[in-house]
Amino acid sequence: MSAEPTTIRSLDDPTIMVETPATIYDAIPPYPARTEREAEFYALRDGEMLINLGPQHPSTHGVLRVVLRIDGERVVDLDPVLGYLHRGVEKICENGDWHHAISNCDPLEYIASMFSEAMPVLAAEKLLDLEVPRRADYIRVLCWELNRIASHALFVGWLALDLGGLTPILYGFAERDEIVEMLAALTGQRLLFNYLRIGGVNGDLNHDFMSRLGEWMSRALVRIEEQQKLLNQNEIFIRRTKGLGVVSADIARRTLLSGPVLRATGVPFDVRRAHPYSVYPELEFDIPVRSEGDSYARYLLHYDEIKQSIGIIDQVLAKMPDGPIMAKIPRLLRIPPGRAYVAIESPRGQYSCYGVSDGSDQPFRLRIHDPSFFNLQAVGMMMPGNLVADTMAIMASLDPIMGGVDK
Amino acid sequence: MTVIGRSWSRLTPAGKVLLPLLAVLLALPVLLVVGWATGFLPWLIGLLAQVLGANADIVRFLLAATVLLLFTVPTAFVIIFMEMKLIAFINLRLGPNRQGPWGVLSSTLHGLKVLAKEDFTPTGVDVPVFTLAPVVVYLGAIMTIMVIPFAPGLFGLDMDIGLLYFFAIAGMGVIGLMMAGWSSFNKYSLLGGLRAAAAIISYEIPLTLAVVGVIMLAGTMSLNQIVLQQAGSALDWYAFQQPLAFVIFFIAATAEAGRTPFDLTEADSEIVAGFATEYSGMRFGFFFFAEYVNVFILSALTATLFLGGWNAPFDLAIVLNALSVTVDPTIDPGSLGMGLLWLVLLGPPLVVLLLALPFWMLKSDWSFIKSLVVGFILFNVVVMALIGIWAYMSFPFVAGLFWFLVKTFSLVALFVIMRGTLPRVRIDQLMGFAWKWLIPAALVNIFVTAAAILVIRSGTD
């Protein structure tokens, strides 16, 4: 749209009309361009316009805002605007002690918070050189895999919802709700569990949790197979997602993509196998890989991973040892000075943390590497040239969680 | 005066509607008594009868228009409720279940809520166009209903160019969508309006071309005549003589009504709500109703053109003969004599008791009163069913209406199930499908039909 002035009703006094540049409706920032890139982006050519996707939009994931420069329906360029959910979690963690960091890190990955809350726990254990009881390790793996399934089930629903399918999101939520209720029976929370502890876990497995888990496991595979039938062979769905948002293995490696986005390009990288942690070396599971690198491959990969996770849960339940669930640690925990790097495989990829301790009971620095943030940078490569409708399918197939992106 | 004025301004919009209605309701009995006592009312009724009798055609038209206009709103409510409930079952949810039994009142209450909401005009819109757009869309939807034959003798208007009229008026709706999209001063609306224009204009072509085969077979464009041509059994329906046209027509109708998988005009995950983004209150309600009225009308037209309209799929007399059952629906209560009195007096209580008894005996935790209530409800259902069967066999228009509504609502259910299961197509796929597949297929259908008619007719001559 042009920058001609338009008269609008004054916000201060609704009875009078004031002249306002039309650009305020064009998402153009009211300050002069700060960088060359910004100047280039906001210099619209004839026939182009800017359109806002987010932070308030029915299908943005969290509060991501993407300013699209479109020519008709085709995306020419885009500018992601981050920071609407910035809380300064890393700084907050430095002000509390190591135990507080667990609940502070919980909302980072709010769909699968079992993974983000593990960050300070694992870093502190590595700094302490602490041996975690085997039962606690098995319980952790059980929770991680359950949470991974819950997160993956939602991914499928979101992708379908952004493509206009109303039903899969509710199937996904049905699975997720059972798992979340199950974990609530174990941890007392549905969303932000605050369950892992430095040296173990907060509580032992109880009857409520085990009966819910057994009931769910008895029909999980059948239900997952059933839900796949709705979209796997759907012609419209395949045409919408095949060949969309393709990223090559080389670029994916160089831009630090990880998780299903990376594995869909044919790179069999999974932290559980590449840099084993916890009791994963004792468990048998495959790393599903697809070579196409498009949205459809990512969609199929999520179902494959759900099946692998169900297999892991089966093994964990069979091998679950008896014993304590907490190591003996002092109540006032002073972490020895040093630096530790830990990484785990979250549903979105490599979740890692670099913890620095100065010998006090507070972390000196807790740097958290969130896979959503690195996966999100792929939109710049994937979106231009596609239609507005496809931006949503691409965004959903990258599955960013804004809690971790904005931190 | 100021006291009244202030109280009036404090009322909600719903109150402003309901209060005058209440006043009219109270004044009506008084006026009736006064009018009858003074002899003014009988004179007025006589005059009216005279005037109406002299202009029977105009009166019939106005009456039909009013009835059909009023018919659209409850129909939309029924379809909205059906959609909420059916999609809920597909989604493994319960759906609405709080407003009335099984939530049947939920869509009606939604409609009332929309009516009571603030009528909001955002800054920067083109006010006259913005205000008119919902009216145009709604008019385009409801004017087409005039030519649809519901049952023998039950139609708004029997036009020789009924189909042409239908497509001409149905095309008017897209102007309203464009108006809404353009005037809203919102980019999502603009994209939605342009998508609507592109999609609907593209799909009008296969929609119209698919019908050409039917017109050639029927030899008329009057929808009543097309229905009459399909009389007989289900095998005489044009769906079996024109299967390709039937499929093309249904797909194009889906796009025309803006339903999943072709609901790009209001794709909520892409362009918020499309052309309706800036609308609220009853203006949005008009768009919303128009969509569901469109679904009903296009289903009705599909049923009329391809599924035999109000024709029954089988002849009941033949079926009854085959089963050697004779049913005489004529009722002569006088022949029962004193038996009639016993039937009226003793029949209902006895049947209610009879129906309540099994519940009372089998459900040990039910009280006798509860069983009686269930028995009474069951008795009503049985009586209604019997009356329905009697009406079906006695009056052809009841049978016609029954089959017409069965066919139409089956197609509506198909629309709803499609919405529950399919994702949305992309705009380029939408246009490509219309121009590369549907239009060529419709043209092939026309040529094949024409050749077949030529061969068959020359054979009979």
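Residues numbered from 1 in each chain as written. Chains lettered and ligands numbered in written order. Predicted model: local features only at pLDDT ≥ 70, side-chain atom pairs only at ≥ 80, totals over all residues.

> Can you help me understand the overall build of chain B in this one?
Along the backbone of chain B there are 19 helices and 0 strands. Seen through its principal axes, chain B has C-alpha atoms that stretch 80 × 75 × 60 Å. The buried share of chain B, reckoned over its 461 residues, is 36%. If you take every contact in chain B between residues at least 6 apart in sequence, the share linking residues at least 24 apart comes to 77%. (Helix = DSSP H or I, 4+ residues; strand = E, 2+ residues; numbered from the N terminus. Buried ≥ 20, exposed ≤ 12 C-beta atoms within 10 Å, placed from the backbone. Contact = placed C-beta atoms within 7 Å.)

> What is the right way to look at the pairing of strand β10 (residues 363-369) of chain A in this model?
Where a strand is regular, its side chains alternate between the two sheet faces. By the bridge criterion, 6 bridges tie strand β9 (residues 349-357) of chain A to β10 of chain A in an arrangement that is antiparallel. When the bridges of β10 of chain A are listed, G355 of chain A appears paired with L366 of chain A. (Pairing = 2+ DSSP bridges.)

> Would you mind showing me how to read helix α3 (residues 98-105) of chain A here?
The α-helix advances 3.6 residues per turn, and as a result positions three or four apart in sequence lie on the same side. Within α3 of chain A, burial applies to W98, A101, I102, N104 and C105 of chain A. On its buried face, α3 of chain A sits against α2 (89-95), α4 (113-116), α5 (118-128), β6 (196-197) and β10 of chain A.

> Quick question: what am I supposed to make of the domain arrangement of chain A here?
It is common to give the size of an interface as the accessible area that goes away when the parts come together. All names here are of chain A. Splitting chain A by domain gives domain 1 (24-81) and domain 2 (89-406). Put simply, the middle of domain 1 and the middle of domain 2, counted by C-alpha atoms, are 31 Å apart. Between domain 1 and domain 2, the contact holds 15 residues from the first and 17 residues from the second. Breaking the side of domain 1 that touches domain 2 down by element, the ones donating at least two residues are β4 (65-71) and β5 (74-81). Here the side of domain 1 that touches domain 2 gets 6 residues from one element, more than from any other, and that element is β5. (Domains from an automatic or database assignment.)

> Any chance you could explain the packing of helix α13 (residues 295-319) of chain A against helix α16 (residues 388-398) of chain A here in plain terms?
When two helices pack together, their arrangement is given by the angle between the helix axes and by the axis-to-axis distance. All names here are of chain A. Packing of α13 against α16 brings their axes to within 10 Å, and their N-to-C directions diverge by 35°. The chirality of how α13 crosses α16 is left-handed. Contact with α13, carried on its side by S295, R298 and Y299, involves A393, I394 and S397 of α16 and no other residues of that element. Within the contact of α13 with α16, the residues separate by chemical class into 3 nonpolar, 2 polar and 1 charged. (Axes fitted to C-alpha atoms, helices over the stretch in contact; angles between N-to-C directions. Left-handed = near helix turned anticlockwise from the far one by under 90°. Nonpolar A, V, L, I, M, F, W, Y, C, P; charged D, E, K, R; others polar.)

> I tried to follow the interface of chain B and chain A on my own but got confused; where do I start?
Contact with chain B, which involves 27 residues of that partner, is made by 31 residues of chain A. Put simply, the parts of the chain that give the side of chain B that touches chain A at least two residues each are α4 (56-90), α13 (268-271), α18 (396-421) and α19 (427-460) of chain B. Here the side of chain B that touches chain A is built from residues that sort into 10 nonpolar, 8 polar and 9 charged.

> How should I be thinking about unusual backbone geometry in this particular structure?
Of all residues except glycine, most have a negative phi; of all peptide bonds, most are trans. All names here are of chain B. Note that the residue after T260, namely P261, is joined by a cis bond; omega there is 5°. For P261, the position within the fold is in the loop between α12 (243-256) and α13. Non-glycine residue L92 carries a positive phi angle of around 60°. As for its placement among the helices and strands, L92 is situated in the loop between α4 and α5 (106-116).

> Any chance you could explain the nonpolar core here in plain terms?
One broad rule of soluble globular proteins: the nonpolar side chains tend to lie buried together. L68 of chain A together with F249 and A252 of chain B are the most contacted members of the largest nonpolar core, which has 203 residues in total. Once residues lying within four places of it in the same chain are set aside, the contact partners of F249 of chain B are L207, A210, V211, T302, L305 and F306 of chain B. (Core = buried A, V, L, I, M, F, W, Y, C linked by C-beta atoms within 7 Å.)

> Can you help me understand the domain arrangement of chain B in this one?
Per the domain assignment, the segments of chain B are domain 1 (74-311 + 398-460) and domain 2 (319-394). Spacing between the C-alpha centres of domain 1 of chain B and domain 2 of chain B amounts to 40 Å.

> Before we go on, may I ask you to explain the sheet that holds β4 of chain A in this structure?
Note on sheets: strands pair through backbone hydrogen bonds, and any given pair is parallel or antiparallel. All names here are of chain A. Strands sit in the order β3-β4-β5 across an open sheet of 3 strands; the sheet is antiparallel. The open sheet has two free edges, formed respectively by β3 (48-53) and β5, since each of these has just one partner strand. Ignoring strand direction, the axes of neighbouring strands in this sheet form an average angle of 25°. Sheet contacts for α16: β3, β4 and β5; angle to β4, the most-contacted strand, approximately 150°.

> Before we go on, may I ask you to explain the packing of helix α6 (residues 127-143) of chain B against helix α14 (residues 281-306) of chain B in this structure?
All names here are of chain B. Direction vectors running N to C along α6 and α14 enclose 20°, while the axes themselves pass 9 Å from each other. With respect to each other, α6 and α14 are oriented roughly parallel. Pair α6 / α14 crosses with left-handed handedness. Every residue of α14 that contacts α6 at P134, V135, V137, Y138, A141 and I142 is listed here: R283, F286, F287, F289, A290, V293, N294 and I297. Class assignment of the residues belonging to the contact of α6 with α14 gives a composition of 12 nonpolar, 1 polar and 1 charged. (Parallel < 35°, antiparallel > 145°, perpendicular 65-115°, else oblique.)

> Where do I start with the environment of P122 of chain B in this structure?
Residue and element names in this part refer to chain B. Tracing the sequence through the fold places P122 in the loop between α5 and α6. The class of P122 is partly exposed, set by 14 C-beta atoms lying within 10 Å. Separated by 62 residues in the primary sequence, P122 and S184 place their C-alpha atoms 8.1 Å from one another.

> Hey, could you run me through the sheet that holds β9 of chain A in this one?
Residues and elements named next belong to chain A. Strand order across the open sheet formed by 3 strands is β8-β9-β10, with antiparallel pairing between neighbours. Pairing within the sheet leaves two strands with one partner each, and these edge strands are β8 (338-346) and β10. Strand-to-strand twist of the sheet, defined as the mean angle between neighbouring strand axes without regard to direction, takes the value 15°. The pairing of β8 with β9 spans 9 bridges and is classified as antiparallel. Within β9, the residue paired with R339 across the bridge is V356. In the packing of α5 onto the sheet, contacts are made with β8, β9 and β10, and the angle to β8 comes to roughly 135°.

> Got a minute to help me understand the confidence of the model for chain B in this structure?
Detailed reading of predicted coordinates is not advised where the pLDDT is low. Residue and element names in this part refer to chain B. Confidence in the prediction of chain B, expressed as mean pLDDT, is 85, and 98% of residues score 70 or more. Mean pLDDT across the secondary structure elements of chain B bottoms out at α13, with 73, and peaks at α12, with 90. Predicted complex, confidence summary: ipTM 0.80, pTM 0.81. (pLDDT = per-residue confidence, 0-100.)

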